[in-house]
Amino acid sequence: MRLLLLVGSVVLLRSSAYALPLTGHYTTGSGLTAEELKNGQEWGQTFQIDPSGTITEANVESVTLWLFRQNNQGGKTITASIRTSWNGASLWQSTINANTVDQDGGADQSTIHSPVDFTATAATLQTGTTYYLRVDTTASEKIYIHYDQASNYSPGSLVNKDGNEEGSTKDLLFRIEGAYV
């Protein structure tokens, strides 16, 4: 009985203390570039949580994106949210100060910039269901989000401001982490 309790405690501790990669595309080939992200010009990505055996749910705890800014963005914010449709209600959301992302005065889109972590209270998502990762900002210009033009990430695609997928080989650089439940 003690051994079973100890094993159960270790499994519970592991699932809540360690974030696991649930899905994402975060390696680049020769197709690295970026799109300008600004108020009214959102970008995003469709995705599914990778299944894990017979487990059908996962708690999303964090989203990592590769962003940079060209100039000072005093008082502006960037929000990452997960939704069931492009304009649907947010299931998970995190907002950061725009000045916390790398600054690159030359706006070099072909050089990878530092990853930016968005964290919030966990939200439970289903494996095998398509979700939308949407990135919004209050800035009027000069914030960029990296994507890969020659990606093999499946299932999912880069999504433009109108909620339309940009093609099966274009994907944001992103990582979603959490724990299977």
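Preceding this section is the structure that the text describes.
We now turn to the structure provided with this report. (Residues numbered from 1 in each chain as written. Predicted model: local features only at pLDDT ≥ 70, side-chain atom pairs only at ≥ 80, totals over all residues. Heavy atoms only, no water.)

### Quick notes on the overall build of the protein
- Along the backbone of the protein there are 1 helix and 12 strands.
- Going from the N terminus to the C terminus, the protein shows its helices and strands as α-β-β-β-β-β-β-β-β-β-β-β-β.
- With respect to the three principal axes, the spread of C-alpha positions in the protein is 60 × 35 × 30 Å.
- Among the 181 residues that make up the protein, the fraction classed as buried is 46%.
- Contacts in the protein between residues far apart in sequence, at least 24 positions, make up 83% of those at least 6 positions apart.
- Here the protein has roughly 8800 Å² of accessible surface; of this, 48% comes from carbon and sulfur atoms.
- If you average the places of the 11 positive and of the 18 negative side-chain charges in the protein, the two averages end up 5 Å apart. (Helix = DSSP H or I, 4+ residues; strand = E, 2+ residues; numbered from the N terminus. Buried < 20%, exposed > 50% of the residue type's maximum accessible area, 1.4 Å probe, protein only. Contact = heavy atoms within 4.5 Å. Areas by Shrake-Rupley, 256 points an atom, 1.4 Å probe, with all protein chains shown as cover. Lys, Arg positive; Asp, Glu negative; His and termini not counted. Charge placed at Lys NZ, Arg CZ, Asp CG, Glu CD.)

### Focus on the nonpolar core
- Grouped together as the largest cluster of nonpolar side chains are 34 residues, with contacts concentrated most on Phe47, Leu65, Ile78, Ile82 and Phe118.
- When residues of this core are traced back to their parent elements, those giving at least two are β3 (43-47), β4 (57-69), β5 (77-83), β6 (90-97), β7 (115-126), β8 (131-137), β9 (143-148) and β12 (174-180).
- In terms of residue count, β4 provides more of this core than any other element does, 5 residues in total.
- Contact partners of Ile78, with chain neighbours within four places excluded, come to Leu37, Leu67, Ser94, Thr95, Ile96, Ala98, Val101, Phe118, Val135, Asp136, Thr137 and Ile143. (Core = buried A, V, L, I, M, F, W, Y, C linked by side-chain atoms within 4.5 Å.)

### Side note on the environment of Gly105
- Assignment of secondary structure puts Gly105 in the loop between β6 and β7.
- Considering only alpha carbons, one finds Gly105 and Leu37, 68 residues apart in sequence, at a separation of 16 Å.

### Considerations on the side chain of Thr79
- Structurally, Thr79 is set in strand β5.
- On the basis of relative accessible area, Thr79 is assigned to the buried category, the value being 14%.
- A polar atom in the side chain of Thr79 sits 2.8 Å from the side chain of Thr95.
- Those residues within four positions of Thr79 in sequence are excluded, and the remaining contacts are Gln93, Ser94, Thr95, Phe118, Arg134, Val135 and Asp136. (Polar contact = N/O pair within 3.5 Å; in protein donor to acceptor, adjacent residues only side chain to side chain.)

### Section: the sheet that holds strand β10 (residues 158-159)
- Read across the sheet, 5 strands follow the order β6-β5-β8-β3-β10 without closing on themselves; strand pairing throughout is antiparallel. Either end of the sheet is taken by a strand with one partner, and the two such strands are β6 and β10. (Pairing = 2+ DSSP bridges.)

### Here we look at the pairing of β9
- Extensive coverage of β9 is indicated by the burial of 6 of its 6 residues.
- Here β9 shows no split at all, with Ile143, Ile145 and Tyr147 on one side and Tyr144, His146 and Asp148 on the other all buried.
- As paired elements, β9 and strand β11 (residues 171-172) share 2 bridges and run antiparallel to each other. By the bridge assignment for β11, Tyr147 is matched with Leu172.

### Side note on the pairing of β3
- The buried fraction of β3 amounts to 5 of the 5 residues, a majority that puts the element mostly inside the structure.
- Neither face of β3 is exposed, since Trp43, Gln45 and Phe47 on one face and Gly44 and Thr46 on the opposite face are all buried.
- Relative to β8, β3 runs antiparallel, the two sharing 5 bridges. Looking at the pairing, Trp43 lines up with Val135 of β8.
- As paired strands, β3 and β10 are joined by 2 bridges and run antiparallel to one another. Bridged to Gly44 within β10 is Val159.

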